[in-house]
Amino acid sequence: MNYIIQCSRILFLVAVFLLGAVSPAAWANKNDFAEWHLDVVFYNGSKDKTDEQIADAVRSWVDKAEIVYQRRPALKISYRIEKLAEKGGKDLSNLSFDSMSQYAKFMDDHFDNVATSKTEGHFTVVITDKLCTNEGKEKCWGGYAHFPHSVNPFSLKRGIALKSNVDTYTFTHELGHVFGLKHTFEPYVGFKLQCNKPFKPKGRPEGECNSCPGGMIVYDVNALPSSCNGRTNLMDYCTSLIGDEYLTPCQEERAANQRQSYMTSDGKTNYFKLKGLAGEAICKEDNDCETDEYCDKGTLTVGHNLCKSLKSIGEACTRSDQCVSGRCNTGQCKTADECQTDQDCGSNSVCKKGPIGLGQNKCVDLVSPTCPSGWTYEIRNPLNKDRCTREVTKSAALECKLLITDKAENWSGPHAKTGEDECKSSKGKDPKGVKCPGSFRHNVLPGADSCTKTETEHTDTQCIAGWDYKSQSGRDVCQQK
Ligand SMILES: [Zn+2]
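On a predicted model such as this, the values are computed, not experimentally measured, just so you know.

Novice: Let's hear about the overall build of the chain: which residues, and what values?
Specialist: Summing up its helical and strand segments, the chain has 6 helices and 32 strands in all. Here the chain holds 481 residues, and the buried ones make up 29% of them. The contacts of the chain with a sequence gap of at least 6 include a subset with a gap of at least 24, amounting to 51%.

Structural data, given as structure tokens:
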């Protein structure tokens, strides 16, 4: 048995391998495409700048980016600007946060890149007048962007935040990060396209302005490198005072490769990848995902956290929230619970919990137990079952009232007479009276005495065949099985 399973798995792997090896040839090659088109929405939260100033600035940012990222597939941007004063209770003209993680959460919640389908969506940029965090000491930025998967595998993807007064290069610099470029003072990990080697990356501030030609570095009041009287690298923290910033061929190639990786095999822009739906952690908990999805937790070594579609009944599961039905039992999505509490079931119905907390909770109908006709229903609380009661009259034969010394065979009767009946002697003795046995009452009637007593009888109340009897406080119930 084991052998067969192993064997079929090998066949499956072979099939997948062949598919992988053959199919791409039939598809278009990504290298066939000269352009990479990106839809961008700029959310304008600025109060310092007029709408016209923002429109002019955005046009210059976009123009610069298209010039810098000309290498195949060349960046082509379509954009629109939307005025937006406030989002998530925050004034968008002043994006100040207590921490970097607060900023990240705000951007994730409100300015994520949008993928309405794999090839439709937009890249998001929010324009503000102030972009700072204050963790004891205030730090401010001209812009902020995220890295792609290949540079920072576990980060979430989100839009760019940009200050309204930045120079024409800042948007291009932030896009550089999205296209996998690091700052010139930061080393790359890995072997391919180690673009920062010429700049001898040493971190900040020692490595800053290493792209500025010797003798042209301008130092600030703290005697640290700050700007350059000549050309500087776009990914350096070193403003070119002559307004001339560039990328090296290595950086251009790296960014072009990254654009290509944000491309579908038929040359369209893959917004899922820009949003981070492919290969990157995009959720921490189920709430981060859409309502018909759950957060599937990858481990550090295998996969990343991804939102996945909820599983159908019968599919394997490890917890209830993975199932469309909301119920995972013994490793499989099972039919949904009908109820969690009695209130879910309406009147005359109660919620019956599944066995050992795993079986299906069901609404079961309730009806009252009944008594046979002629019996009265008696409610008994709380430990005794309800019961049926009725009064019955019993009768017994009248007996002669004899002494122990009297011989029964010498007496006959009882004989009816007016008043109390009597027994007569065959030996000529005086008649004797009559009596009733035990607890029976003697009813004297002319010519027809009788012995009667009234007793209370009990019997069990009854449920419909196949229903369960349930004893409870108040009137007991029968519940549907
Ligand atoms: Zn940067």
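Novice: Which residues make up unusual backbone geometry, and what are the values?
Specialist: The step from R72 to P73 runs through a cis peptide bond, and the omega angle for that step is 0°. Note on placement: P73 falls in the loop between α2 (51-68) and β2 (74-83). Between R204 and P205 the backbone carries a cis peptide bond, its omega angle lying at -10°. By secondary structure assignment, the location of P205 is in the loop between α4 (170-178) and β12 (217-219). In this structure, N348 is a non-glycine residue whose phi angle is positive, near 60°. Relative to the helices and strands, N348 is located in the loop between β20 (332-333) and β21 (349-352). On the basis of neighbour counts, which here come to 10 C-beta atoms within 10 Å, the residue N348 falls in the exposed class.

Novice: I'd like a rundown of the sheet that holds strand β13 (residues 225-228), residues and numbers included.
Specialist: Strand order in the open sheet made by the 3 strands is β12-β13-β15, with mixed pairing throughout. In this open sheet, the two edge strands, each paired with only one partner strand, are β12 and β15 (239-240). Pairing of β12 with β13 involves 3 bridges; the strand directions are antiparallel. Residue pairing for β13: Y219 is matched across the bridge by P225.

Novice: Account for the nonpolar core, with residues named and values stated.
Specialist: A65, V125, V126 and A161 are the most contacted members of the largest nonpolar core, which has 43 residues in total. Those elements that place two or more of their residues in this core are β1 (35-44), α2, α3 (100-110), β7 (120-128), β11 (160-163), α4, α5 (249-261) and α6 (271-275). The leading source of residues in this core is α2, at 6 residues. Not counting chain neighbours up to four residues away, the residues in contact with V125 comprise V40, F42, G159, I160 and L162. Formed by 7 residues, the second largest nonpolar core is a distinct cluster that contains Y294, C323, C328 and C333.

Novice: Before we move on, could you go through the sheet that holds strand β29 (residues 441-443) and cite the residues and values that matter?
Specialist: As summarised here, the arrangement of the 4 strands in space is β23-β24-β30-β29, forming an open sheet in which the pairing is antiparallel. Unpaired on one side and paired on the other, β23 (376-378) and β29 mark the two borders of the sheet. Strand after strand, the sheet turns through a mean of 40° between neighbouring axes, direction not considered. Judged from the 3 bridges that link them, β29 and strand β30 (residues 450-460) form a sheet pairing that is antiparallel. Looking at β30, one finds that R441 is bridged to T452.

Novice: Account for α2, with residues named and values stated.
Specialist: The end-to-end C-alpha distance of α2 is 26 Å, a good match for the 26 Å that 18 residues give at a rise of 1.5 Å each. Within the span of α2, buried status applies to A57, V58, W61, V62, K64, A65 and V68. Buried residues of α2 fall within an arc of 160° about the axis and therefore sit on the same side. Along α2, the residues that are exposed and aim more than 90 degrees away from the buried face are E52, D56 and I67. Taken together, the buried residues of α2 touch β1, β2 and α4.

Novice: Give me the packing of α2 against α4: which residues, what numbers.
Specialist: Packing of α2 against α4 leaves a shortest axis separation of 8 Å and a crossing angle of 50°. The angle between the axes of α2 and α4 places the two elements in the oblique class. Here the hand of the crossing between α2 and α4 comes out right-handed. Residues W61, K64, A65 and V68 of α2 lie in contact with α4, whose contacting residues are F171, T172 and L175. Each residue belonging to the contact of α2 with α4 can be placed in one class, and the counts come to 5 nonpolar, 1 polar and 1 charged.

Conventions and cut-offs
- Residues numbered from 1 in each chain as written.
- Predicted model: local features only at pLDDT ≥ 70, side-chain atom pairs only at ≥ 80, totals over all residues.
- Helix = DSSP H or I, 4+ residues; strand = E, 2+ residues; numbered from the N terminus.
- Buried ≥ 20, exposed ≤ 12 C-beta atoms within 10 Å, placed from the backbone.
- Contact = placed C-beta atoms within 7 Å.
- Pairing = 2+ DSSP bridges.
- Core = buried A, V, L, I, M, F, W, Y, C linked by C-beta atoms within 7 Å.
- Axes fitted to C-alpha atoms, helices over the stretch in contact; angles between N-to-C directions.
- Expected span 1.5 Å × (residues − 1).
- Arc of directions from axis to C-beta.
- Parallel < 35°, antiparallel > 145°, perpendicular 65-115°, else oblique.
- Left-handed = near helix turned anticlockwise from the far one by under 90°.
- Nonpolar A, V, L, I, M, F, W, Y, C, P; charged D, E, K, R; others polar.

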